[in-house]
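Each chain is listed here by its residues.
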Amino acid sequence: MANRLVSPIVWQRATVIETVRETPQARSLMLALPHWQRHRAGQHVEVRLTVEDGYQAQRSYSIASPPEAPYLMLTVERIAEGEVSPYLVDVVQEGDQLEVRGPIGGYFTWQASQSGPLLLVAGGSGIVPLMAMARHHALAGSTTPAHLLYSARQVDNIIYHAELEQLATEDQAFAVFYTLTRGAPPGWAGFQRRIDLDMLEDVGWPPAQHPLIYICGPTPLVEAVATMALHLGHAQGRIKTERFGPTGGS
Amino acid sequence: MDASRRLDGNAAAGLLREIFCWEMTSAAVTCGNCGATNAVGALIIYASPMGTVLRCPACEQPLVRVVRTSNDYWLDISGARCIQVTPDTAAT
Ligand SMILES: Cc1cc2nc3c(=O)[nH]c(=O)nc-3n(C[C@H](O)[C@H](O)[C@H](O)COP(=O)(O)OP(=O)(O)OC[C@H]3O[C@@H](n4cnc5c(N)ncnc54)[C@H](O)[C@@H]3O)c2cc1C
Ligand SMILES: [Zn+2]
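Residues numbered from 1 in each chain as written. Chains lettered and ligands numbered in written order. Predicted model: local features only at pLDDT ≥ 70, side-chain atom pairs only at ≥ 80, totals over all residues. Heavy atoms only, no water.

Peer 1: If you had to explain the site of ligand 1 to someone new, which residues and values would you point to?
Peer 2: All names here are of chain A. Not every one of the 23 residues close to ligand 1 is listed here, only the nearest: R59, S60, Y61, V84 and S85. Here an oxygen atom of ligand 1 sits 2.8 Å away from a polar atom, N or O, in the side chain of R59. Side-chain polar atom of Y61 to an oxygen atom of ligand 1: 2.7 Å apart, as the coordinates give it. In isolation ligand 1 has 980 Å² of accessible area, and contact with the protein removes 75% of it. Elements that contribute at least two residues to the shell around ligand 1 include exactly β4 (56–62), β5 (72–77), α1 (85–91) and β11 (239–243). There are two domains that each give the shell around ligand 1 at least three residues, and those are domain 1 (12–104) and domain 2 (118–244). (Near = heavy atom within 4 Å. Polar contact = N/O pair within 3.5 Å; in protein donor to acceptor, adjacent residues only side chain to side chain. Areas by Shrake-Rupley, 256 points an atom, 1.4 Å probe, with all protein chains shown as cover. Helix = DSSP H or I, 4+ residues; strand = E, 2+ residues; numbered from the N terminus. Domains from an automatic or database assignment.)

Printed below as a string of structure tokens:
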């Protein structure tokens, strides 16, 4: 079997087997790869696009599917004027091929065997790798208590909304909290402001319980939340961040 | 440098994997300037077309610079005191 192990860094031709519109800005792509190694929740892949004249653009995209899934799922949010994301969100069709390499990364990953309650904090498309963790949590039958705090602009921008509701109902150890930063519909029960210290303290775990904290999304949100977590007394070594850059509205 | 463009060392995982045979974001780097030890994945990157520079999150000292040319990788680790790689055969 050893000869079937492919270096994670070799470019492969992935075939788009299905696309799912998640929000007006985001779409999921289900990919089949000729050689796929089981990944860890939190890892990403790199996608490379080549245009006619040979120019190439390469971007990182987190893996949304759990290690248990038989296919690879990415979810991409469109950045207006972006080079790569509008193509992945609006142009690519089922049957098309994409150059992909991965799974990549080992630092921002979570496995059901890890100890400590879990606090996941997502801004915008930063939900993607945390969704892989939430799905892994449910599929692995983890009893580690996990809370997800998800900041989005408006209710329509919440990616995986229905599935998150379902996970929160079916996975006894998982709860989800939303905050909307650009207005909420009538009767909205979640938060309606940017993430702040009070909110983080409300939905998080006391530092004495040594939670593992994963924060992912646009760089300004990630840095603000990481600073708050330190301020609340959480240990630096228990806080892991994944900055997406300026992208990923929250 | 535009702070919103900062990324984590994790974003260089693919590039580092082109050079090293182990997954490198879990490796520990000790800063040659302030002595802080962090995982490569926790270092700070400013994306730049000139190459990738991974900096100490405590003091911003450049610890690892990688420039890829058509034929070579140039790796400058003079800012780091030491890098501890723990092979994780299950990780990629
Ligand atoms: C480890 C990692 C994982 C990632 N995972 C995901 C993921 O799962 N899903 C996902 O959608 N993205 C993810 N990203 C972001 C992704 O890699 C790209 O940066 C993103 O898709 C934008 O690429 P682009 O080519 O469309 O835009 P670019 O052509 O790179 O950017 C176009 C211009 O828009 C600017 N810009 C970017 N975002 C904004 C914004 N929000 N507002 C205003 N200007 C902006 C840029 O600075 C640039 O000047 C991840 C990034 C990293 C580092
Ligand atoms: Zn330092």
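Peer 1: Please give an account of the interface of chain B and chain A that cites residues and values.
Peer 2: On the chain A side, the residues contacting the 24 residues of chain B number 23 residues. In this assembly, chain B packs against chain A so that about 1800 Å² is buried in total across both faces, 47% of it on carbon and sulfur atoms. The tally of links from chain B across to chain A stands at three salt bridges. With its nearest N and O atoms 2.6 Å apart, the salt bridge here joins E18(B) to R101(A). Counting every contact that joins chain B to chain A gives nine residue pairs in polar contact (both at pLDDT 80 or more). Going through the elements one at a time, β1 (6–8) and α1 (13–19) of chain B are the ones with two or more residues in the side of chain B that touches chain A. In terms of residue count, the dominant contributor to the side of chain B that touches chain A is α1(B) (five residues). (Contact = heavy atoms within 4.5 Å. Buried area = accessible area lost by both parts, 1.4 Å probe. Salt bridge = Lys/Arg side-chain N within 4 Å of Asp/Glu carboxyl O.)

Peer 1: Could you give an account of the pattern of salt bridges, with specific residues and numbers?
Peer 2: In total, this model carries 13 salt bridges over all chains according to the counting rule given. Here D90(A) and R21(A) are joined by a salt bridge, their closest N and O atoms 3.6 Å apart. One end of the pair, D90(A), is in helix α1; the other, R21(A), is in strand β1 (residues 12–21), and 69 residues separate them in sequence. On the basis of relative accessible area, R21(A) is assigned to the partly exposed category, the value being 44%. The salt bridge involving R59(A) is made with E83(A); its shortest N-O contact spans 3.0 Å. In this pair, R59(A) sits in strand β4 while E83(A) sits in the loop between β5 and α1, placing the two residues 24 residues apart along the sequence. In this structure E83(A) comes out as partly exposed when scored by relative accessible area, which is 47%. Each of the salt bridges in this network shares a partner with another, and the network as a whole consists of E46(A), R101(A), E18(B) and R68(B). (Buried < 20%, exposed > 50% of the residue type's maximum accessible area, 1.4 Å probe, protein only.)

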